[in-house]
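Secondary and tertiary structure notes
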Amino acid sequence: MKRFFLGTFLVLLSISLINAQEYKKQLKNANKTLSKYFIDPVANKADLATAIASIDQIFSADDAKADPEAWLTKGQIFNEIAKAEMNKKVLDPAYELATPNAGLDALAAFNNAMAKAVKKSHTKDALDGIRMNEDLTNNIAITFFQAQDYDNAYVNFDGTLKAHKTLKDNKLPSRIDDPAIKNDQLFYTAVSGHFGKNKEYKEGALMLFEQLYVAGKAQPLVYEALFTHYSEKDITKAMQYLDAGRAANPDDNGLLFAEINYYLKEGKLEVLTDKLKAAIEKEPENVSVYNTLGNVYDQLNQKERTAGNIEKAEEYFKL
């Protein structure tokens, strides 16, 4: 009986080893297929999809999921895909990314490799991959931002911030160590979330705007976004952001128009007239401001007429 169990164990072990060898072989084949694609992306377009499908299939196996070297290989593959994609984008600005998540997929793979590392070399290789990935994912984010695809821009900019944190946690240099570069990185991540459609990203953007505000020297949009957000729930706090933004950026039109839109929404017409006159002084060719001021005077005219204040109504009518 003992011999039977031992024999069964050896058979199972043998099958396990075959499976392990099989997925590693498949990873190598995926690499070869990608190499073929990189030689001529136009002629070998189908090879990219084949390679990615192979990788997805490989990581459906538990052995692959538990193997840090498999995750490292996946990260390196997707780093190379991201690099090739961005090179093609530089050569052909009209090119649309075939694998828009390549940078994020690579980053996730390297993080998995670190989580499952059993050797120091696994962690080192994963961190090396993340250092390369930081630039690649940032370039992908910029591509989406320029195309006004703000949700995709946000997740990729956010990916670079996460890569930066991992590098800092491991006492390694990062492309955003420079405070000015980091400030820009935070700003464009926040802007992407702010203008995007995803509610979760908008909340993430709000946290970043507040971080930039606390750090000082924030750009006008930081104050404008915070004012707009808090004007719906805490007008006292909103006005604090607006006043701080005006003090720091007295000539910024965005803050003025954000305030005008707030008073329009609240129906505070009397307050609006001076704000709109100030807007006209700053943008004398902006027809919409004149139209808005005219509409405000008309509403004030109707309001006074309804209240029986004909003289005051006529005054507004003539303006």
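Quick caveat: nothing in here was measured; it's all calculated off a predicted structure. (Residues numbered from 1 in each chain as written. Predicted model: local features only at pLDDT ≥ 70, side-chain atom pairs only at ≥ 80, totals over all residues. Heavy atoms only, no water.)

Secondary structure summary: the protein chain contains 15 helices and zero strands in total. On C-alpha atoms alone, the protein chain measures out to a radius of gyration of 29 Å, which is more than a quarter above the 20 Å that the 2.2 N^0.38 rule sets for 319 residues. Seen through its principal axes, the protein chain has C-alpha atoms that stretch 110 × 45 × 40 Å. A buried classification covers 39% of the 319 residues belonging to the protein chain. At a minimum sequence separation of 6, the contacts of the protein chain that also span at least 24 residues come to 55%. Positive and negative side-chain charges of the protein chain, numbering 40 and 45 respectively, have mean locations separated by a distance of 9 Å. (Helix = DSSP H or I, 4+ residues; strand = E, 2+ residues; numbered from the N terminus. Rg over C-alpha atoms; globule rule 2.2 N^0.38 Å. Buried < 20%, exposed > 50% of the residue type's maximum accessible area, 1.4 Å probe, protein only. Contact = heavy atoms within 4.5 Å. Lys, Arg positive; Asp, Glu negative; His and termini not counted. Charge placed at Lys NZ, Arg CZ, Asp CG, Glu CD.)

Another aspect to go through is unusual backbone geometry. Note: most peptide bonds trans; most residues except glycine with negative phi. The phi dihedral of Q148 is positive, around 60°, even though this residue is not glycine. Tracing the chain through its elements places Q148 in the loop between α6 (120-146) and α7 (150-169). Even without a glycine there, the phi angle at K171 is positive, about 55°. Within the element layout of this structure, K171 appears in the loop between α7 and α8 (179-195).

The interhelical angle for the contact between α8 and helix α10 (residues 220-230), taken along N-to-C directions, is 40°, at an axis separation of 11 Å. Where α8 crosses over α10, the handedness of that crossing is left-handed. Counting all contacts with α8, which are made through F187, V191, H194 and F195, the residues of α10 involved are L221, V222 and A225. Its residues assigned to classes, the contact of α8 with α10 shows six nonpolar, one polar and no charged. (Axes fitted to C-alpha atoms, helices over the stretch in contact; angles between N-to-C directions. Left-handed = near helix turned anticlockwise from the far one by under 90°. Nonpolar A, V, L, I, M, F, W, Y, C, P; charged D, E, K, R; others polar.)

Quick look at the side chain of N249 now. As for its position among the elements, N249 is in the loop between α11 (235-248) and α12 (253-266). N249 has contacts with A218, P220, Y223 and L255, leaving out every residue within four places of it along the chain.

All chains considered together, the criterion is met by seven salt bridges. Where D47 meets K36, a salt bridge forms, and the shortest distance between an N and an O atom there is 3.9 Å. Placement of the pair is D47 in helix α2 (residues 45-58) and K36 in helix α1 (residues 2-39), with a sequence separation of 11 residues. Classification of D47 by relative accessible area gives buried; the value is 15%. (Salt bridge = Lys/Arg side-chain N within 4 Å of Asp/Glu carboxyl O.)

A few words now on the confidence of the model for the protein chain. Overall, the predicted model of the protein chain reaches an average pLDDT of 85, with 92% of residues at or above 70. Of all helices and strands in the protein chain, the one with the weakest mean pLDDT is α1 (59), whereas α7 scores best (98). In the model, residues 1-18 has pLDDT below 50 throughout and makes one contact with residues more than four positions away in sequence or in other chains. (pLDDT = per-residue confidence, 0-100.)

The next thing to look at is the packing of α7 against helix α9 (residues 199-215). The description of two packed helices rests on the angle between their axes and on the distance between the axes. Look at α7 against α9: their axes get within 11 Å of each other, and the N-to-C directions meet at 55°. Comparing their axes, α9 and α7 come out oblique. Crossing handedness for the pair α7 and α9: left-handed. Contact residues: α7 offers D151, Y154 and V155, while α9 offers Y201, G204 and A205. Its residues assigned to classes, the contact of α7 with α9 comprises four nonpolar, one polar and one charged. (Parallel < 35°, antiparallel > 145°, perpendicular 65-115°, else oblique.)

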